[in-house]
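# Breakdown of the fold
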Amino acid sequence: MSSNANLKHSTSVSSLASMEKGNTDDITLSSLYARRTPLGTGLGTTGSTNHRTQPVNERGDTHRHDADKVDQNILDEERRLRNQPKAKRKRRKNMITANLNGTRYDVIRQMAEHIGYSVTREDDPTAFLIWNDAFVSTERISDLKPYQRINHFPGMGEVTRKDNLARNMMKMAKAVPEEYNFVPRTWILPSDFNIVQNYMKDLRAHKKSKTFIVKPSNGAQGHGISIHRNLDKLPTNEHFIVQEYVEKPLLLDGYKFDLRIYVLVTSCDPLRIFLFNDGLVRMSTEKYLPPSENNVNHLFMHLTNYSVNKHNEFYEKGASLDAGSKRSIKSFNEYLRRNDYDVPLLWRNISDMIVKTMIVAEPYVLHSYRMCRPGAPPASDSVCFEVLGFDVLIDRKLRPWLLEINRSPSFGTDEKIDFDIKSALIEDTIRLLNIKMNDKKKNMNAQKLEAQKRLFRPTKRVSETADMSEYDKKRLGLERRKEELKELLQRVKKAGTREDYENRNRGRFIRIFPTDDKARQDSYVKLLEAAYTTFMSGRAPSMHKEIQLMYNNKLKESDILDMLAECDNDELQGRMANVGGKPQTRGPKPLMSMPSSEAIHTPGEEDEDGEMSESLSPPGSPYRHHLALRGSRPGSVNSRVSNRMGSVMSRPNSGANMQGPGGRPISNTGGVIGDRARQAGNQKLTNIQRSNVDDSFLTNVIREREDELTRRTLYALNDMRIKFPGKSDQEADTILDKLYENWKFHKPRIASYWLVKLDSIKRRKVIDIVRSNVRAVLQRTWRVPDVDNLPIYRVFSRVFNRLLWSHGQGLWNCFAASGNCSSWETIFSKSSDAIDETELNCCRRIVQLCKDCLLIVYQFAAEAKTASQGGPGDREKEQITTQRSETKPALVPPNTQTMSQRYSKLYARTETLS
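Residues numbered from 1 in each chain as written. Predicted model: local features only at pLDDT ≥ 70, side-chain atom pairs only at ≥ 80, totals over all residues. Heavy atoms only, no water.

## Details of the overall build of the chain
We apply this condition: Under the DSSP-based scheme used, a helix requires at least four consecutive residues in state H or I and a strand at least two consecutive residues in state E, with every element numbered from the N terminus. Only protein chains enter the accessibility calculation, which uses a 1.4 Å probe; a residue is then buried when its area is under 20% of its type maximum, exposed when over 50%, and partly exposed in between. Working rule for contacts: check all heavy atoms of both residues, and any pair within 4.5 Å makes them a contact. A 1.4 Å probe and the Shrake-Rupley method give the accessible areas. Residues count as covered only by the protein chains that appear here.
Scanning the chain for helices and strands turns up 32 helices and 17 strands. Residues counted as buried form 48% of the 914 residues belonging to the chain. The contacts of the chain with a sequence gap of at least 6 include a subset with a gap of at least 24, amounting to 71%. Of the roughly 48,500 Å² of accessible surface on the chain, a fraction of 50% belongs to carbon and sulfur atoms.

## Some thoughts on the confidence of the model for the chain
Interpretation of the predicted coordinates at a detailed level should be avoided for regions scoring low in pLDDT. The condition that has to hold: A residue's pLDDT is simply how confident the predictor is in it, with values from 0 to 100.
When pLDDT is averaged across the chain, the result is 74; 68% of the residues are at 70 or more. Note on residues 1-64: pLDDT under 50 across the span, and 63 contacts to partners over four residues away in sequence or across chains. Per-residue pLDDT stays below 50 along residues 87-91; that stretch engages in five contacts with residues further than four places along the chain or on separate chains.

## With respect to the nonpolar core
Let me state the cut-off plainly: We define the nonpolar core as a collection of buried residues of types Ala, Val, Leu, Ile, Met, Phe, Trp, Tyr and Cys that are connected through side-chain atoms lying within 4.5 Å of one another.
Within the largest apolar cluster, 70 residues are counted, with the highest numbers of intra-cluster contacts made by Tyr-180, Leu-259, Ile-261, Ile-350, Ile-354 and Phe-390. For Leu-259, the residues in contact, after removing those within four places along its chain, are Leu-280, Val-281, Ile-329, Phe-332, Ile-350, Phe-390, Asp-391, Val-392 and Ile-394. Core analysis: the next-biggest nonpolar cluster, separate from the first, contains 59 residues, Leu-709, Val-787, Phe-800 and Leu-855 among them.

## As for helix α28 (residues 805-812)
Counted residue by residue, α28 has seven buried out of eight residues, so it is predominantly covered. Among the residues of α28, those classed as buried are Ser-806, His-807, Gly-808, Gln-809, Gly-810, Leu-811 and Trp-812.

## Re the pairing of strand β1 (residues 97-102)
Which entries qualify depends on this criterion: Should DSSP find at least two bridges between two strands, the strands are taken to pair. With the strands pointing away from the viewer, any crossover whose connection runs clockwise from the first strand over the helix to the second is right-handed.
Summarising the sheet, β1 and strand β2 (residues 118-119) pair through two bridges and their orientation is parallel. Across the sheet, Ala-98 pairs through a bridge with Val-119, a residue of β2. A crossover links β1 with its parallel partner β2, the connecting element being helix α5 (residues 106-115), and its sense is right-handed. Taken together, the three bridges between β1 and strand β3 (residues 129-132) define a ladder with parallel strand orientation. When the sheet's bridge partners are listed, Ala-98 is paired in β3 with Leu-129.

## Concerning the sheet that holds β2
Taken in spatial order, the four strands of this open sheet run β2-β1-β3-β4, and their pairing is parallel. Strands with a single pairing partner mark the edges of an open sheet, and in this sheet they are β2 and β4 (149-150).

## Let's talk about the environment of Thr-515
Rule in force here: Within 3.5 Å is the distance limit for a polar contact, defined as a pair of N or O atoms, with the added protein rule that one can donate a hydrogen and the other accept it, and that residues adjacent in sequence qualify only through two side-chain atoms.
Inspection of the secondary structure puts Thr-515 in the loop between β15 (509-513) and α18 (518-535). Put simply, Thr-515 and Tyr-551 are 36 residues apart on the chain and 9.9 Å apart in space, counted from C-alpha to C-alpha. Residues contacting Thr-515, with those up to four places away along its chain left out, are Arg-520, Gln-521 and Tyr-524. A polar atom in the side chain of Thr-515 sits 3.3 Å from the backbone nitrogen of Asp-517.

## Here's the deal with the packing of helix α27 (residues 791-803) against α28
As a reminder of what qualifies: Whenever a helix is involved, its axis is fitted only over the stretch in contact; in every case the axis is a line through C-alpha atoms, and angles between N-to-C directions fall within 0 to 180 degrees. Here roughly perpendicular refers to angles of 65 to 115 degrees, roughly parallel to angles under 35, roughly antiparallel to angles over 145, and oblique to all remaining angles. Think of it as three bins: nonpolar holds Ala, Val, Leu, Ile, Met, Phe, Trp, Tyr, Cys and Pro, charged holds Asp, Glu, Lys and Arg, and polar takes everything else, Gly as well.
For the pair α27 and α28, the least separation of the axes is 6 Å and the interaxial angle reads 105°. Accordingly, the angle class assigned to the pair α27 and α28 is roughly perpendicular. Here α27 contributes Asn-801, Arg-802 and Leu-803 to the contact with α28, which in turn contributes Trp-805, Gly-808, Gly-810 and Leu-811. Its residues placed into classes, the contact of α27 with α28 shows three nonpolar, three polar and one charged.

## Comments concerning a positive patch on the surface
Which entries qualify depends on this criterion: Like-charged residues are merged into a patch within 9 Å and nonpolar side chains (Val, Leu, Ile, Met, Phe, Trp, Tyr) within 5 Å, provided each residue has over 30% relative accessible area and no salt bridge. The working definition used for a salt bridge is a side-chain nitrogen of Lys or Arg within 4 Å of a carboxyl oxygen of Asp or Glu. We score Asp and Glu as negative and Lys and Arg as positive, and we do not count His or the chain ends. Lys charges are placed at NZ, Arg charges at CZ, Asp charges at CG and Glu charges at CD.
On the surface, Lys-248, Arg-396, Lys-397 and Arg-399 cluster together to form a positively charged patch. Residue placement: Lys-248 occurs in the loop between β8 (240-244) and β9 (251-252).

## Remarks on the pattern of salt bridges
Overall, the coordinates contain 41 salt bridges when judged by the stated rule. Across the pair Lys-210 and Glu-244 runs a salt bridge whose closest N-O atoms are separated by 3.5 Å. In this pair, Lys-210 is assigned in the loop between α9 (193-205) and β6 (212-216) and Glu-244 in strand β8, connecting sequence segments 34 residues apart. Assessed through its relative accessible area of 16%, Glu-244 is described here as buried. Of the charged contacts, one joins Arg-504 and Asp-500 as a salt bridge, the two residues approaching to 3.2 Å between their closest N and O atoms.

## Quick look at the side chain of Asp-439
Secondary-structure assignment places Asp-439 in helix α15 (residues 439-455). You can call Asp-439 buried: its relative accessible area is 4%. Beyond its immediate stretch of four places on either side in the chain, Asp-439 contacts Tyr-147 and Asn-434.

## Focus: the packing of helix α8 (residues 162-175) against helix α13 (residues 343-372)
Taken N-terminus to C-terminus, the directions of α8 and α13 make an angle of 105°; their axes are 10 Å apart at the nearest point. Taken as axis vectors, α8 and α13 run roughly perpendicular relative to one another. Contacts between α8 and α13 involve Leu-165, Asn-168, Met-169 and Met-172 from the former and Thr-357, Val-360 and Tyr-364 from the latter. A per-class count over the contact of α8 with α13 returns five nonpolar, two polar and no charged.

## Quick notes on the pairing of strand β13 (residues 386-394)
When you tally the buried positions in β13, you get nine out of nine residues, the bulk of the element. Alternating positions in β13 separate into two faces, Glu-386, Leu-388, Phe-390, Val-392 and Ile-394 on one and Val-387, Gly-389, Asp-391 and Leu-393 on the other, with burial throughout. The pairing of strand β10 (residues 255-268) with β13 spans seven bridges and is antiparallel. Note that in β13 the partner of Val-263 across the bridge is Leu-388. Here six bridges tie β13 to strand β14 (residues 400-406), and the two strands are oriented antiparallel to one another.

Right under this line is the structure:
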């Protein structure tokens, strides 16, 4: 830098003085320092820190020692600045970055900043959001991190290129012709040139004439489009698309128009499609006339592209959404309603057309995406999304026709209507992507864990697997099954979370796939299977199973957890069998005999309401009005059987002989009653004047009242029993006695019926027979309309849930030998909640009722099947059920295929009895 340049920028007195002395180095340093120092500090002129100017003589020089001091300060400051590294531009932390260098549209940048994203100035490959107008290579998609999003899918060109769209639509039209009839007849040149010529000969033979529109295979914005009445003069070597012209379009104010509909695809694995509830109506700029030899060259009449019509002098820029040559779809819908058109039907057909089109692209897109993202965990977020522009033409019958699909629709905002619609579209799109700041750290940690899992995973050779024992093979199969269930559980959880977020943040988008309409969803799934069969026949069988799993999965989260618990139980049983040296068997543990029991002879008061009325099963149960719990009359001939059924087992060391004041049993937990009973008692006696009653006396009253009600509940439960449909109480008791006496014979059949043939819904309904009647007992005994808040009912609910544990395995374990502790009792031994002996006896009685209910249901189903197959009569059946196990009677559990027949006969039989 020259001294003159330094002089121009410096105004300090010291620099002027130094220049007079010829010290050019001081001039440079002082001028630099003068530019760096802000005004008002004093250092730029004199170097003083007290903001006072030094005395100056007539020649303009300061004192010599002050000038030397200033020069020294300047040298030190310049040296410090040189040694200091260049300060990097700080990026704002906790900001989601967006790389928009690949797009030329300002509206995308404005909406990203409006949402709160930080737009990078350079091409940042690590940005959270990447938006490009042009095609994105598969290598770039492969390099993306799981937390990133890019606005293009690989393989989407199979429907966005005109020739690929025509080719794939023709293939699907051959496979499913009744579904794919929304695209005008199309030919691809030059491969279909002979077909086009033959078609023209047929038209001449029948003296017909049609109009054709010719488009470049990969053109855009209306470039190269022409309209022809005769195709004989078409070039034979050019790549064109020839399409039949829709000659009877719906007109708007006398002009031809088409719809630009925006569609968002957020994922292809699984496929999720959203339709934006607004768009553009693009009109031609000349009044429409049917095509003829005289007007086929009038492109402003027959073409609706904005890039073509904006050059016409008659193009009108509308001041509102319902005027001009470009209008909104919402205003178009209002126009249709005013003219009595069925607008909902039109948009159902349009959404149906969009979904079917994306189904054609799904095999290609999914295959390409998985090739780009190998090893991605199941149910992971998609790194790709895409905003597509569908061009749709409506004819006079209000039938939509698909013209083409734009992979990079224009987001130019030449008019106000463009900005209003496209800004809303982009804003809702970015919000629906659900990009979060913590995704980067979370996904990087997940990658590390997955890498470690792959690194430490043991590799097994084929020879090692062949030498495995039967136990190891079964264990390996269980591990694989558990891994599959865990992946399915993760997929189900992820789908629920994604759907919940979409419902709350979809804005002006409407999800059209997957749809909530079951009939339409089933038809879409069938079309997906047909698409894989058509385009990827080699992978079709495996993909059909995956499609059903992704889009027709009927398993809920609770069902998958039950299946995992069942796998854990099978693994535990197999481990125990292997340790004992016994062969591993699937199913429940072998049962030697029924649990022994003793009858309770504790006297108690009768229910004030007398005999308990018959209760019903929950609504929708197949056993409603048929299997119910009835109370036995005191002193009847059935009291013996009732005592057997109402027997109560005492736990070892349960403290049943220990009694507190008033003969009340004391729980083995050490207290008379738990905190749960005290809280319930305090809530019941809020109206008592506590100031006049001693607290200890009040607590004793509450305890005694709770114990009395619990004892009454136990007496009522002991008097209850299962009623067999169409039989008396004595016959039902006899059937139960015979089942218990021949238990060795009936045990495998009952196990097969309960654990295999019945599904989870029917198992729950069997337990609900007992549950509903227990609720009725508590309502009558405790005098409360709602028993859900009673502590004792919460205890009973835990027992019912335990009996349904692992697809009914919990109830089946209750048939174990009497020497073993019942599995359901462990829920109380491991719990900190106190439960006294009377409550425990109530739970035991409920378990016994559930066991009897299972036996009655099994016997009724067996007799119903025997009767439907023309089996023996009642006397012969009675003789069969009394035989020993070695005689092998012909009584077998029913087949699940005749379940509906048994239920219908059950209803008819009960109606006859009533």
